[in-house]
Every structure is written in structure tokens, then in C-alpha cells.
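Listed here are the chains, written in short residue letters.
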Amino acid sequence: MACVKTWCILVLISITQAHDDFYTSIGQMTDLLYTEKDLVTSLKDYIKAEENKLGEIKRWAEKLDLLTETATKDPEGFLGHPVNAFKLMKRLNTEWLELENLVLKDMSDGFISNLTIQRQYFPNDDDQTGAAKALLRLQDTYKLDADTISQGNLPGVKHKTALSVEDCFELGKIAYSDADYYHTELWMEQALRQLDTGEVSNIDKITILDYLSYSVYQQGDLDRALDLTKRMLKLDPEHQRANGNLRYFEYMKAEQQKKSNGTQNPQGSKVGSTSETKKGRPKDYLPERQKYEKLCRGEGIKLTPRRQKRLFCRYSDASRNPAYILRPVKQQDEWDKPRIIRFIDIISDQEIERVKELAKPRLRRATISNPITGVLETAHYRISKSAWLSGYEDPVINRI
């Protein structure tokens, strides 16, 4: 049987029709790609217009440079020619005014107008945060390290894209804003590694170390928090918060040491440690999450060879249904108990595109039923979108 490996729909799987969670629908995010392409075209037109304007100004300057160079060598002789005198009056009275108008002409109007129109369809801060959290879920589900994601080395992807220091820092900061210090540490460390390897960035090491030291402290790693704070003070000895944190961490360290020294077993040996770390993913209240994450990684129940032998591919005419006798349906067994069958080429590419065309404007964020109130509401762990289509709306839908 063919083995089909897919990524689970966790991530990047939408503006209401003015705005409604861009990041939850690839179908609607594709519109953003075309929007950005249109803006790039508009920007290039603006650049070309500016270059033409500067070219015209440059030609004017070169012409007058040559003229004034000649004229100032013999001013009286030059102005002795009545045509030169006339043209000087004309240039200063008329042509320099035209040049002034050209210099003051704003060539960006078209681009700015287009940008203003398109901006109403741009994603907002919630979209950016949602896309970042989706990336963190992907990291957890497939147990990927930050460096793998940062380098774009995801299995099965076609278009490899790397994350910059700014990107890694942004992911860490979004996790930090949710008090998710586990992911804050992972991504601040990655940002710091990329800076240490020489990547140029507007984000400095001090800022990253500030977030990193606090996040490891919040996870109970006091020793490392101290080391990171000292590293930060080497870069900026006057850093106010780092100096305050250093004194506090050293005080906490001393208090832990006192407790450790004062707690001994009957043989006189010390009991406990100087720091109690609590690192790891944030606690999840969804007990089924670990199960579906294993399924996403292909770690679910495996069919035995004996059970696999019972799975077949076949052509089905749906019990001699006249519609399928000349063109039977391709079927492929995927599982035995419960019986799961994959239908192949059941609808055409044209029909698929028609369904997408009809559904796209109606896509709405999927909801769950609140277990207490029973009210339908969105949830951060369910970010898909759906739309309902009926047969009476279109012949293609009716046929399907």
C-alpha cells in the first residue's frame, strides 16, 4: 500500500471580509500573496518614476553646468550676444521655476494611494501572533528544535525559508507575552546563537539576554540566570535592570544555599539541591493532545503484516450502478477495523476549483461548544475554517 505522509493541520492551515483571522486559512492567505505582488509592482513603478525624474533633473544640471562654465569665463563677452542675454532672462524667470516644480513633484502618489487601499486588507497584530503560536505548536507536535525551524529544514517543504534574528526574537517575545517561558528560552537562545555566528541584526545581544535570563529564572534555573545576567553586564556594566537582577539572583542563591546546608539527613549529608528547575512545555488541559500529536508524527498504532495483507486496491462499480460500469471508482483500503477506504480521483480538478471558488468567500473560523455555557466560541487550539455548500446552489455541488 502506498504510504502517504502528511503534516497535521495545526498551522497556517484568514480579515473578515473586512478581517477575520488570516492565519487560520491558507486559502485566504493566498490573497495576501497576490496583494503583496501587486504592491511590489506598484513600488517598482514608483521607483522607475523617481529614476526618470532624477534623470531629467540630472540632464538639466549637466546642461547648465556646461553653459555656466563657459559663460563665467568671459561674462561680458557671453552676454554681449543678445540671444545669450535673452536666454538667461528666460531661464531664470521661467525654466528654473519649471525645474523647481519638477523637484517638488511627488512621484509617490500612485504608490501611496495603492498602499492605502490595500492596507485595509492587511493582517493585524492578532494575525501575526496567531501565526507565531501556530509555528510553536508545529515545533511541539513534531518535536523540532529551534535551529531546524530557523534554517527552514522542515520535511517535505518545497520552498525553504530561513528565520532572521529579528524573526526568532519576535517568536520568543510573543511566547514571553503569554508567560510561556519554555518557548521564550528556546527562541531567545536561537536568536543569540545566530548573533554569535555573525548575523547582522538590529536586535542587540543585551536585549535578547535580558529576556533569556528572566525566562530561565522563571523556570527555576537560577544558576543559568546568574550566568546570563553576568554576561549581559559584561556588555553593559551600567544596565539598571541587570544590576538589580544580579543582586536579587545572588540573594536567592544564598537563601537556597542556606536551606540546603540546613537540611541534612541523619548521616550529615545534604538533602536537596540549590535550584529546582521546572522546564518543559506549558501544562495542557487537553488530555487527547499527546495522542493526536503522536498520530501526526506517525507514532500511532501500526498494522501488522498479517493485517496489511487484507488491504487491497480495487475498481468499484458500486454494485453494478450504471453510472460506474464504464468508469468505475478507484478505491484503496487504508485500515481494516474500523474499515477506512480512500476514494481516488473521485472528483476532477475543475470541480475542486469550483468548490474552492464557492466556499472561499464563506470561510468562517471553526468553533467549539463551551462545556459550561454551551455557547459556540473559537478556541486557540482549533484554527481551521469551514463553509457549508448545498446542492441547489450550483450544478457541480449537486453532482458531487
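See the structure shown above.
Throughout this description, residue numbers start from 1 for each chain and increase along the sequence as written. Since the coordinates come from a predicted model, pLDDT governs what is reported: local features require at least 70, and pairs of side-chain atoms require 80 or more to be given and counted, while whole-chain, interface and lining totals use all residues. Side-chain metrics in this entry use all non-hydrogen atoms of the structure; hydrogen atoms and water are not considered.

## A few points about the sheet that holds strand β2 (residues 329–335)
Item 1. Only strands joined by at least two bridges in the DSSP assignment are considered to pair. Secondary structure counts use DSSP, requiring at least four H or I residues in a row for a helix and at least two E residues in a row for a strand, with both numbered from the N terminus. An order of β1-β2-β3 is seen for the three strands of this open sheet, with the pairing classed as antiparallel. Across the chains shown, the open sheet's two edge strands, defined by having one partner strand only, are β1 (313–316) and β3 (340–344). The sheet shows a mean angle of 35 degrees between the axes of neighbouring strands, direction not considered. Angles shown run from 0 to 180 degrees and are taken between the N-to-C directions of axes, each axis being a line fitted to C-alpha atoms and, for helices, limited to the stretch in contact.

## Observations concerning the packing of aromatic side chains
Item 1. Planes of paired rings set the category: under 30 degrees apart is stacked, over 60 is edge-to-face and the rest tilted, where pairs are Phe, Tyr or Trp rings (Trp by its six-membered ring) whose centres lie within 6.5 Å. The full count for this structure, using the stated rule, is eleven aromatic pairs.
Item 2. Summarising the aromatic geometry, the rings of Y176 and Y211 are spaced 4.9 Å apart at their centres and angled 85 degrees between planes, so their arrangement reads as edge-to-face. Of the two residues, Y176 is situated in helix α7 (residues 165–177) and Y211 in helix α9 (residues 205–218); the sequence distance between them amounts to 35 residues.
Item 3. According to the relative accessible area criterion, Y176 is partly exposed, its value standing at 29%.
Item 4. Between Y214 and Y217, the aromatic rings sit 6.2 Å apart at their centres with planes inclined by 45 degrees, giving tilted as the arrangement. In this pair, Y214 and Y217 both sit in helix α9, three residues apart, roughly one turn of the helix.
Item 5. Only protein chains enter the accessibility calculation, which uses a 1.4 Å probe. A residue is then buried if its area is under 20% of the maximum for its type, exposed if over 50%, and partly exposed in between. What makes Y214 partly exposed here is its relative accessible area of 29%.
Item 6. The rings of F169, Y176, Y181, Y211, Y214, Y217, Y248 and F249 are connected pair by pair, giving a single aromatic cluster.

## Let's talk about the pairing of β3
Item 1. For β2 and β3, the ladder comprises five bridges, and the chain directions are antiparallel. Residue pairing across strands places Q332 opposite R342, the latter belonging to β3.
Item 2. With antiparallel pairing between neighbouring strands as the criterion, β2 and β3 make up a hairpin whose turn holds four residues.

## Things to note about the side chain of D336
Item 1. Structurally, D336 can be placed in the loop between β2 and β3.
Item 2. Within the local environment of D336, its side chain forms a polar contact with the side chain of R307, the two groups lying 2.6 Å apart.
Item 3. The residues contacting D336, other than those within four sequence positions of it, are L303, R307, R310 and L311. Contacts described as polar in this section are N or O atom pairs within 3.5 Å, which, within protein, must combine one atom able to donate a hydrogen with one able to accept it, while residues neighboring in sequence count only if both atoms come from side chains. We call two residues contacting when some pair of their heavy atoms lies within 4.5 Å.

## Structural notes on the pattern of salt bridges
Item 1. Definition used for salt bridges: Asp or Glu carboxyl oxygen within 4 Å of a side-chain nitrogen of Lys or Arg. Going through the model one piece at a time under the given rule, you end up with 22 salt bridges.
Item 2. As a salt-bridge pair, D336 and R307 come within 2.6 Å of each other at their nearest N and O atoms. Taken together, the residues span a long stretch of sequence, with D336 in the loop between β2 and β3 and R307 in helix α13 (residues 305–308) at a distance of 29 residues.
Item 3. By relative accessible area, R307 is classed as partly exposed at 22%.

## Focus: unusual backbone geometry
Item 1. Of note, the amide linkage connecting K337 to P338 takes the cis form, showing an omega dihedral of -5 degrees.
Item 2. With respect to the helices and strands, the residue P338 is situated in the loop between β2 and β3.
Item 3. The backbone phi angle of A318 is positive, close to 55 degrees, even though this residue is not glycine.
Item 4. Phi at R320 is positive, roughly 65 degrees, even though this residue is not glycine.
Item 5. Positionally, R320 belongs in the loop between β1 and α14 (322–325).
Item 6. On the accessibility criterion, R320 (59% relative accessible area) is exposed.

## Section: the environment of I203
Item 1. Tracing the sequence through the fold places I203 in the loop between α8 (181–196) and α9.
Item 2. Excluding residues that lie within four positions of it along the chain, I203 makes contacts with V165, E166, F169, L195 and I208.

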